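Structure assessment
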Amino acid sequence: MSRHLRKRSLILAGHDTSVALESAFWNALEDIANQQKQTLPQLVTKVDAARSPEQSLASALRVYALEWLKQQLSTSATPCT
């Protein structure tokens, strides 16, 4: 495993799994979970359930964080005058 990845062990749907992501993504996912009043495992479970079978969980989590942050930027952006 690359030095820049941080591995976490989680229980999803009753099964142990490990996911390796960059610290920045873990931090973003923790912030998202807190803002949605969820635990990180609850958020990961939600993302896991929604991903397609050919997409890795790590990839799904990265895309979820990116899309969520993009949505926050677009909803908070004000038109230039």
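The structure presented is a predicted model; accordingly, all values stated were derived computationally and were not measured. (Residues numbered from 1 in each chain as written. Predicted model: local features only at pLDDT ≥ 70, side-chain atom pairs only at ≥ 80, totals over all residues. Heavy atoms only, no water.)

**Side note on the nonpolar core**
Heads up, the condition is: Throughout this description, the term nonpolar core refers to a set of buried Ala, Val, Leu, Ile, Met, Phe, Trp, Tyr and Cys residues connected via side-chain atoms within 4.5 Å. Per-residue accessibility, obtained with a 1.4 Å probe over protein chains only, is compared with the maximum for each type, and a residue is labelled buried under 20%, exposed over 50%, and partly exposed between these values. We count a stretch as a helix when DSSP gives it H or I for four or more residues in a row; a strand needs E for two or more, and each element gets its number in order from the N terminus.
Within the largest apolar cluster, 19 residues are counted, with the highest numbers of intra-cluster contacts made by V19, L21, W26, L29, V44 and L61. At the level of secondary structure, the elements contributing two or more residues to this core comprise β1 (5-12), β2 (15-22), α1 (23-35), α2 (40-50) and α3 (57-76). Ranked by residue count, the leading element in this core is α3, at six residues.

**Quick look at the pairing of β2**
Cut-off, in case you're wondering: We call two strands paired when DSSP finds no fewer than two bridges between them.
Relative to β2, β1 runs antiparallel, the two being bridged by eight bridges. For S9, the partnering residue across the bridge sits in β2 and is S18.

**Considerations on unusual backbone geometry**
Positive phi outside glycine occurs at A13, with the angle close to 55 degrees. Residue position: A13 is located in the loop between β1 and β2. Of note, K37 is a non-glycine position whose phi angle comes to about 55 degrees, a positive value. You can see K37 is positioned in the loop between α1 and α2.

**As for α2**
Note the threshold: An arc is given here, and it is the one of the directions from the helix axis to the C-beta atoms. Whether two residues are in contact is decided by their heavy atoms: any pair within 4.5 Å suffices.
Of the residues making up α2, those classed as buried are L40, L43, V44 and V47. End-on, the buried residues of α2 take up no more than an arc of 100 degrees, which puts them together on one face. Contacts made by the buried residues of α2 are with β1, α1 and α3.

**Focus on the UniProt feature "domain: Ribbon-helix-helix" (unreviewed entry) in the protein chain**
Inclusion rule: UniProt positions are given in the numbering used here, feature names are shortened, and annotations may be inferred rather than shown by experiment.
When the UniProt feature table is mapped onto this chain numbering, "domain: Ribbon-helix-helix" (unreviewed entry) sits at residues 6-69. Here residues 6-69 runs as 58% helix and 23% strand, with 21 Å between its end C-alpha atoms.

**Looking at the packing of aromatic side chains**
Put simply, the rule reads: Two aromatic rings from Phe, Tyr or Trp, using only the six-membered ring of Trp, form a pair when their centres are within 6.5 Å; if the ring planes differ by under 30 degrees the pair is stacked, by over 60 it is edge-to-face, and anything between is tilted. A ring is scored as having a charge over it whenever the NZ atom of a lysine or the CZ atom of an arginine sits within 6 Å of its centre and within 35 degrees of its normal.
Under the definition given, this model contains zero aromatic pairs. The ring of W26 carries R8 above its face, with NZ or CZ at 4.8 Å from the centroid. Lying over the aromatic face of F25, R62 brings its terminal NZ or CZ to 5.9 Å of the ring centre.

**Description of the packing of α2 against α3**
Rules: Angular values range over 0 to 180 degrees, each being the angle between N-to-C directions of two axes fitted as lines to C-alpha atoms, with helices fitted over their stretch in contact. Note on angle classes: values under 35 degrees are labelled roughly parallel, values over 145 roughly antiparallel, values of 65 to 115 roughly perpendicular, and the remainder oblique. Residues are grouped as follows: Ala, Val, Leu, Ile, Met, Phe, Trp, Tyr, Cys and Pro are nonpolar; Asp, Glu, Lys and Arg are charged; all remaining types, including Gly, are polar.
Between α2 and α3, the shortest axis-to-axis distance is 10 Å and the interhelical angle comes to 105 degrees. The angle between the axes of α2 and α3 places the two elements in the roughly perpendicular class. Residue-level inspection shows L43, V44, K46, V47 and D48 of α2 in contact with α3, the latter providing L57, A60, L61 and Y64. Taken together, the residues of the contact of α2 with α3 sort by class into seven nonpolar, no polar and two charged.

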